[in-house]
Amino acid sequence: MLLEVEDLSVNYGHIEAIRGLTFGVEEGSIATLIGANGAGKSTTLKTISGLRKIRTGRVLFDGKDIAKVPAHERVQLGISQSPEGRGVFPGMTVRENLDMGAYARKDRSSAALKPDFDRVLELFPRLSERINQVAGTMSGGEQQMLAMGRALMARPRLVLLDEPSMGLAPKLIQQIFEIIKEINAQGTTVLLVEQNAAQALRLADTAHLLETGEIVRSGTGHELATDSSVREAYLGG
Ligand code: ATP
């Protein structure tokens, strides 16, 4: 397992956002967390990337307990997150945003970054056309692509994608899921959080359903997609 989450609990003050989560993500796979608003999906990703503190439990990356490793060092270890709501730097250009994605890397010479730049611009040709555009003036879908591209500039082993399809037109949603598949095919392990459960389950090797901070079902993407209670509650019957 590349990532192991063991009995993880996280609080916001007295509110228990997640409780006793246990799951793993195999190297080279796509895993997904699905569930309703407020189920704890984003909190789980933020805890793995180091933005939230663990109350109890452990997070192991490549067998190493990372509880005490600060967020920027987790990027160096190979964990990078594309945040919910995009979170690009609005006053910077596309190129500058992508550069920022590589800030934690030791070697940031243009020669070292070139293959990653090329990879990102190949995955997202739209970014290539708009390389000098200020990010804040791009459409929602374009900003989403930029956030994903920026996460990839860290050359992660594990990329955490928080709601990459949020607010996008159906055609673009389809495209984003195709790109996630391609990112994975190129060797990056993916942990995907999605409200668009049907699409996420189609893509995922393993899937977990969260309800009010707990995992209530786990299986392959196909198993969850065909589970009658999952279908009823999350896939529209
Ligand atoms: P969504 O799909 O709506 O983004 P989610 O499954 O990602 O939901 P989280 O954002 O992880 O859910 O939230 C889990 C719980 O923790 C919710 O009850 C939420 O209100 C609470 N929570 C999240 N962030 C904070 C915060 N900064 N302060 C207090 N409570 C929070």
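Because the structure is predicted, anything quoted here is derived from the model rather than measured.

## What to know about the confidence of the model for the chain
No. 1: Of all residues in the chain, 99% attain a pLDDT of 70 or more, and the chain-wide mean is 94.
No. 2: Note on the complex model: pTM 0.94, ipTM 0.92.

## Observations concerning the sheet that holds strand 1 (residues 3-12)
No. 1: With antiparallel pairing, the 4 strands of this open sheet are ordered in space as 2-1-4-5. At either end of the open sheet lies a strand with only one pairing partner, and these are strand 2 (15-25) and strand 5 (64-65).
No. 2: Note: strand 4 (residues 56-61) against strand 5, 2 bridges, orientation antiparallel. Bridge pairing in strand 5 links leucine 60 to aspartate 65.

## Concerning helix 3 (residues 94-101)
No. 1: Among the residues making up helix 3, those that are buried are Val94, Asn97, Leu98 and Gly101. The buried residues of helix 3 occupy an angular sector of 100 degrees when the element is viewed end-on, so they sit on one face.
No. 2: At its buried positions, helix 3 is contacted by helix 4 (110-123), helix 5 (125-129) and helix 6 (140-152).

## Things to note about the side chain of serine 9
No. 1: Inspection of the secondary structure assignment puts serine 9 in strand 1.
No. 2: The exposure class assigned to serine 9 is buried, which follows from its relative accessible area of 6%.
No. 3: Apart from the residues lying within four places of it in its own chain, the contact partners of serine 9 are Ile18, Arg19, Gly20, Ile54, Arg55 and Thr56.

## Things to note about the site of the ligand
No. 1: Close to the ligand lie 13 residues, the nearest being Asn37, Gly38, Lys41, Ser42 and Thr43.
No. 2: Contacts to the ligand include glycine 40, whose backbone N or O atom sits 2.9 Å from an oxygen atom.
No. 3: A distance of 3.0 Å separates an oxygen atom of the ligand from a polar atom in the side chain of glutamine 195.
No. 4: In terms of residue class, the shell around the ligand is made up of 4 nonpolar, 6 polar and 3 charged.

## Side note on the packing of helix 3 against helix 6
No. 1: Interhelical geometry of helix 3 versus helix 6 gives an angle of 35 degrees and a closest axis separation of 7 Å. As for how helix 3 packs across helix 6, the hand of that crossing is right-handed. Contact residues: helix 3 offers Val94, Asn97, Leu98 and Gly101, while helix 6 offers Leu146, Gly149 and Arg150.
No. 2: Across the contact of helix 3 with helix 6, the residue classes break down as 3 nonpolar, 3 polar and 1 charged.

## Description of the packing of helix 3 against helix 4
No. 1: Where helix 3 meets helix 4, the closest approach of the two axes is 11 Å, and the angle between their N-to-C directions is 125 degrees. Regarding the angle of helix 3 to helix 4, the classification is oblique. Every pair of crossing elements has a handedness; the one defined by helix 3 and helix 4 is right-handed. Residue-level inspection shows Arg95, Leu98 and Asp99 of helix 3 in contact with helix 4, the latter providing Leu113, Phe117, Val120 and Leu121.
No. 2: For the contact of helix 3 with helix 4, the class distribution of residues is 5 nonpolar, no polar and 2 charged.

## Some points on helix 1 (residues 41-49)
No. 1: With 8 of its 9 residues buried, helix 1 lies for the most part within the structure.
No. 2: Burial in helix 1 covers these residues: Lys41, Ser42, Thr43, Thr44, Leu45, Thr47, Ile48 and Ser49.
No. 3: Among the residues trailing helix 1, glycine 50 stands out with phi positive, at a value near 100 degrees.

## Focus: the sheet that holds strand 6 (residues 79-82)
No. 1: Read across the open sheet, the 6 strands follow the order 6-7-8-3-9-10; overall the sheet is mixed. Where the open sheet ends on each side, the last strands, each with one partner, are strand 6 and strand 10 (214-220). Taking each pair of neighbouring strands and ignoring which way they run, the sheet shows an average axis angle of 15 degrees.
No. 2: With 5 bridges connecting them, strand 3 (residues 30-35) and strand 8 (residues 189-194) associate as parallel partners. Looking across to strand 8, one finds that alanine 31 is bridged to leucine 191.
No. 3: Packing of helix 1 onto the sheet brings it into contact with strand 3, strand 6, strand 7 (158-162), strand 8 and strand 9 (206-211), and relative to strand 7 it is tilted by some 150 degrees.
No. 4: Lying over the sheet, helix 6 contacts strand 6 and strand 7, oriented at roughly 170 degrees with respect to strand 6.

About the thresholds
Residues numbered from 1 in each chain as written. Predicted model: local features only at pLDDT ≥ 70, side-chain atom pairs only at ≥ 80, totals over all residues. Heavy atoms only, no water. pLDDT = per-residue confidence, 0-100. Pairing = 2+ DSSP bridges. Helix = DSSP H or I, 4+ residues; strand = E, 2+ residues; numbered from the N terminus. Buried < 20%, exposed > 50% of the residue type's maximum accessible area, 1.4 Å probe, protein only. Arc of directions from axis to C-beta. Contact = heavy atoms within 4.5 Å. Near = heavy atom within 4 Å. Polar contact = N/O pair within 3.5 Å; in protein donor to acceptor, adjacent residues only side chain to side chain. Nonpolar A, V, L, I, M, F, W, Y, C, P; charged D, E, K, R; others polar. Axes fitted to C-alpha atoms, helices over the stretch in contact; angles between N-to-C directions. Left-handed = near helix turned anticlockwise from the far one by under 90°. Parallel < 35°, antiparallel > 145°, perpendicular 65-115°, else oblique.

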